[in-house]
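# Observations on the three-dimensional arrangement
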Amino acid sequence: MIILVTTSTAQASGFSDVPATYWAYDDIQFLSSYEVINGYEDGKFRPGNIITRKDAAVMMTRALELTEPPAESELTFTDVKPSSPGYNQILIAMTNDWFTLRNGAFEPDQPLTRDEMAKALAMAFSYEGKETSEFTDVPKDDPYYPFIDAIAHYKVTTGYKDNTFRPAELVTRAQFSAFLSRVFQQPASYEVRNAGEVVANVPSFGAALSIAADYPQSTIHPASTKYREFPDKIATKDQTGLKSGVLIYNGVNEKNTFTKEFFDKYTSYQTPDGQTKDFFNTFIILGLRYDGGWLSENADNHANYSDWRAYINRTFAENGALQQLNASAKSQNKKADVYVAIPYPKRGEPILKLNDEEVESNLESRTDMVNWYISEVQKEWDNHELDNLNFKGYYWLNETVRVHEDELLLSAVSERIHADNQFFIYAPHATSTNFRKWRSYGFDAAFLQPNAFRENVANKEERLHRAFLYAQMYGTGITIEINSYSTSQAEAGVEAFNLYMDFAKRYGLDEKGMTFYQGVNMVARMATYDHPIFRQWYRQLTETFFSHPKSETN
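The shown structure was predicted, so the numbers you read here are calculated from the model rather than taken from an experiment. (Residues numbered from 1 in each chain as written. Predicted model: local features only at pLDDT ≥ 70, side-chain atom pairs only at ≥ 80, totals over all residues. Heavy atoms only, no water.)

### A closer look at the overall build of the chain
The helix and strand tally for the chain stands at 16 helices and 17 strands. Over its C-alpha trace the chain gives a radius of gyration of 26 Å, about what one expects of a compact globule, namely 24 Å for 554 residues. Put simply, the chain has 554 residues, and 55% of those count as buried. Pairs at least 24 apart in sequence give 73% of the contacts found in the chain among residues at least 6 apart. Element-wise, carbon and sulfur atoms account for 45% of the exposed surface of the chain, whose accessible area totals about 24300 Å². In the chain, the 54 positive side-chain charges and the 74 negative ones have mean positions that sit 3 Å from each other. (Helix = DSSP H or I, 4+ residues; strand = E, 2+ residues; numbered from the N terminus. Rg over C-alpha atoms; globule rule 2.2 N^0.38 Å. Buried < 20%, exposed > 50% of the residue type's maximum accessible area, 1.4 Å probe, protein only. Contact = heavy atoms within 4.5 Å. Areas by Shrake-Rupley, 256 points an atom, 1.4 Å probe, with all protein chains shown as cover. Lys, Arg positive; Asp, Glu negative; His and termini not counted. Charge placed at Lys NZ, Arg CZ, Asp CG, Glu CD.)

Given below as structure tokens:
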């Protein structure tokens, strides 16, 4: 039995069987807050219970506020009468052809299958696909293919990792909550503006993108719904106040040693008329590689405590990133904000501690490894004279969250970091799993990567519009991206860099919420090399983000 509407069953602080770490927690809380789906009288939600076809009809009509059945309907059911529970909702659903009848029977108490769920969502919300989905178990001649293709196109589902959809699988209360929540957290429509003036309001991102292509200063903005209010600015959920940060790679075979002079190119810049002005004030220190593999989520991540210890030593070394950044800031009588990356604790193989004790890799041991790392970084910071640096917190090195164990890990790590009164930040890539849930993991800011800077990416403008749209929807900043080009390669990067700078100004990224991925040392090259494209990039970067009055403070 699903209990709807009655506020007495709503759980102000959540359901007793749905902890904050549960994978569908946010979705369940979102829907229950609007009484689309509520719990049971004993305070439980029972997320694993299978949902019935009647349950789905009741929830969807409730969510869409379709309370009145058609005045005249010729629909009849062999197994549902006007006196049956949920009859009006079933009649509304079938008037709109949400579900499939079987020989005139609605089968209200039968479990909802994934294919019927796809049809219900696609029909109820007028989703149409592009015949681009290729689930191995849903051929194009399957009668449910158009509906499954439609919800895949609108990112309501991505299917399973083995590229199946599993249409006959039964849907649980938690799963249906997740699907319905994804639908209702989408914009009502998409507003296209040109230089701030509204030129169109259309129902899909694709339509908005097509219109935006005709305007030189176009931006796309999400329209609010009853369920979600969307701002039209980016980085609205950023708790850190970070305006403009730069990623400094200091892993093995990335940049091995640093100098004060190197960082001088990042802490200040020269205007065309010879003035010296403040440049980046936030530095994210991260290493992707250790001696033997990768520190991110990678098949070649076999890093143990000793490898993490080596990275800490490298970061705090005399010729390492922190001491030399401190020297640069000191010479200019300023302070720089710093975040230190946390490597990804490996899964799937034992972890070796410093005392050669081998422990199984699980949530507890991985959390212990991160807590040890945080303690060691703090000790090193306290033991070094870094008076011109502000230690703001930590940066999660991995760029996506793929498994539930990592969700639990991040919640524990963020709690530890916040207990130390520090921030925790993240830069997910463009297709990052669960990107929209970044706040629930405990991050204080996220900076979405558009991944539009590579030469072989054809749809650069679409990627940038989509990234800035998501930044509005989910309150994140944006990562500006450029590779470390040599002078002979520079021409290949011009188109993308021009677009990044243009979109940054269109969407207001020059005001706040920017982190800068620059390969290993592209900013230093821009400031140093006597090359027309490098000089142009340097001028574009400084004029876009640092030359106007608002860039003088953070």
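### Some remarks on the nonpolar core
If you look at the biggest cluster of nonpolar residues, it comprises 116 residues, and the most contacted ones within it are Phe-280, Phe-283, Ile-342, Phe-516, Trp-537 and Leu-541. Excluding its chain neighbours within four sequence positions, the residues that come into contact with Phe-516 are Gly-245, Val-246, Leu-247, Phe-280, Ile-480, Ile-482, Phe-497, Val-523, Met-526 and Leu-541. Counting 53 residues, the second-largest nonpolar core is a separate cluster that includes Met-94, Tyr-144, Phe-147 and Ala-152. (Core = buried A, V, L, I, M, F, W, Y, C linked by side-chain atoms within 4.5 Å.)

### Some points on the pattern of salt bridges
Following the criterion strictly, the structure yields 25 salt bridges and no others. Where Arg-102 meets Glu-107, a salt bridge forms, and the shortest distance between an N and an O atom there is 2.9 Å. When salt bridges that share partners are traced, they join Arg-309, Glu-376, Lys-379 and Glu-380 into one network. (Salt bridge = Lys/Arg side-chain N within 4 Å of Asp/Glu carboxyl O.)

### Notes on the sheet that holds strand β1 (residues 190-194)
If you trace the three strands from one edge of the open sheet to the other, you get β2-β1-β3, paired in antiparallel fashion. The sheet is open, and its two edges are formed by β2 (197-202) and β3 (218-222), each paired on a single side. Each strand axis lies, on average, 25° off the axis of its neighbour in the sheet, ignoring direction. (Pairing = 2+ DSSP bridges. Axes fitted to C-alpha atoms, helices over the stretch in contact; angles between N-to-C directions.)

### Quick word on the packing of aromatic side chains
Both the distance between ring centres and the angle between the ring planes are used here to describe each pair of aromatic rings. Within this structure, the stated rule accounts for 47 aromatic pairs. Taken together, a centroid distance of 6.2 Å and an interplanar angle of 70° make the contact between Tyr-344 and Trp-396 edge-to-face. In this pair, Tyr-344 is assigned in the loop between β10 (336-342) and β11 (351-352) and Trp-396 in strand β13 (residues 389-396), connecting sequence segments 52 residues apart. Here Tyr-344 falls in the buried class, since its relative accessible area comes to 3%. By relative accessible area, which is 1% here, Trp-396 ends up buried. Summarising the aromatic geometry, the rings of Tyr-485 and Trp-537 are spaced 5.8 Å apart at their centres and angled 45° between planes, so their arrangement reads as tilted. Linking Tyr-485 in the loop between β16 (477-481) and α14 (494-507) with Trp-537 in helix α16 (residues 532-545), this pair joins segments that are 52 residues apart in sequence. Residues Tyr-485 and Trp-537 agree in their burial class; the two are buried. Counting every residue linked through ring pairs, the aromatic cluster contains Tyr-269, Phe-279, Phe-280, Phe-516, Tyr-538, Phe-545 and Phe-546. Positioned over the ring face of Tyr-160 is Arg-166, at 3.7 Å from the centre of the ring. Above the plane of the ring of Phe-262 lies Lys-255, whose end atom (NZ or CZ) is 4.7 Å from the centre. (Phe/Tyr/Trp six-rings, centres within 6.5 Å; stacked < 30°, edge-to-face > 60°. Lys NZ or Arg CZ within 6 Å of the ring centre and 35° of its normal.)

### Re the sheet that holds β16
Each strand in a sheet pairs with its neighbour through backbone hydrogen bonds, running either in the same direction (parallel) or in the opposite one (antiparallel). Spatially, β4-β7-β10-β13-β14-β15-β16-β17 is the arrangement adopted by the eight strands of the closed barrel, whose pairing is parallel. Mean inter-strand twist for the sheet, computed between neighbouring axes without regard to direction, equals 30°. Note: β16 against strand β17 (residues 514-517), four bridges, orientation parallel. Each bridged residue has a counterpart across the sheet, and for Ile-478 the counterpart in β17 is Met-514.

### Observations concerning unusual backbone geometry
The residue Ser-126 is not glycine, and still its phi comes out positive at about 55°. With respect to the helices and strands, the residue Ser-126 is situated in the loop between α4 (114-124) and α5 (145-153). The backbone phi angle of Asn-163 is positive, close to 65°, even though this residue is not glycine. By secondary structure assignment, the location of Asn-163 is in the loop between α5 and α6 (173-184). Residue classification places Asn-163 among the partly exposed residues on the basis of a relative accessible area of 37%.

### As for the pairing of strand β4 (residues 244-249)
The element β4 is largely enclosed, with a buried count of six among its six residues. A two-sided burial pattern is seen for β4, the buried positions comprising Ser-244, Val-246 and Ile-248 on one face and Gly-245, Leu-247 and Tyr-249 on the other. For β4 and β17, the ladder comprises three bridges, and the chain directions are parallel. Following the sheet pairing, Val-246 is matched in β17 by Phe-516.

### A short note on helix α7 (residues 205-212)
When we look at burial in α7, the residues that qualify are Phe-205, Ala-208, Leu-209 and Ala-212. An end-on view of α7 places all buried positions within 100° of arc, on one side of the element. Residues of α7 that are buried sit in contact with β1, β2, β3 and α13 (460-474). (Arc of directions from axis to C-beta.)

### Some remarks on the side chain of His-429
Mapped onto the elements of the fold, His-429 is located in the loop between β14 (423-426) and β15 (445-448). Using a relative accessible area of 17% as the deciding quantity, one classes His-429 as buried. Excluding anything up to four places from it in sequence, His-429 contacts Glu-399, Thr-400, Leu-448, Gln-449 and Asn-451.

### Concerning the packing of α7 against α13
Contact pair α7 / α13: the axes reach a minimum separation of 11 Å and the direction vectors enclose 125°. Classified by the angle between their axes, α7 and α13 sit oblique to one another. Two packed elements cross with a definite hand, and for α7 against α13 that hand is right-handed. Taking contact as the criterion, the partners of Phe-205, Leu-209 and Ala-212 in α7 are, on α13, Glu-462, His-465, Arg-466 and Leu-469. Per-class residue counts for the contact of α7 with α13 are four nonpolar, one polar and two charged. (Parallel < 35°, antiparallel > 145°, perpendicular 65-115°, else oblique. Left-handed = near helix turned anticlockwise from the far one by under 90°. Nonpolar A, V, L, I, M, F, W, Y, C, P; charged D, E, K, R; others polar.)

### A word on helix α1 (residues 25-33)
Think of an α-helix as turning once every 3.6 residues; residues three or four places apart then point the same way. Within α1 the residues assigned to the buried category are Asp-27, Ile-28, Gln-29, Phe-30, Leu-31 and Ser-32. On its buried side, α1 packs onto α6. Phi turns positive one or two residues past the end of α1, at Glu-35, with a value near 60°.

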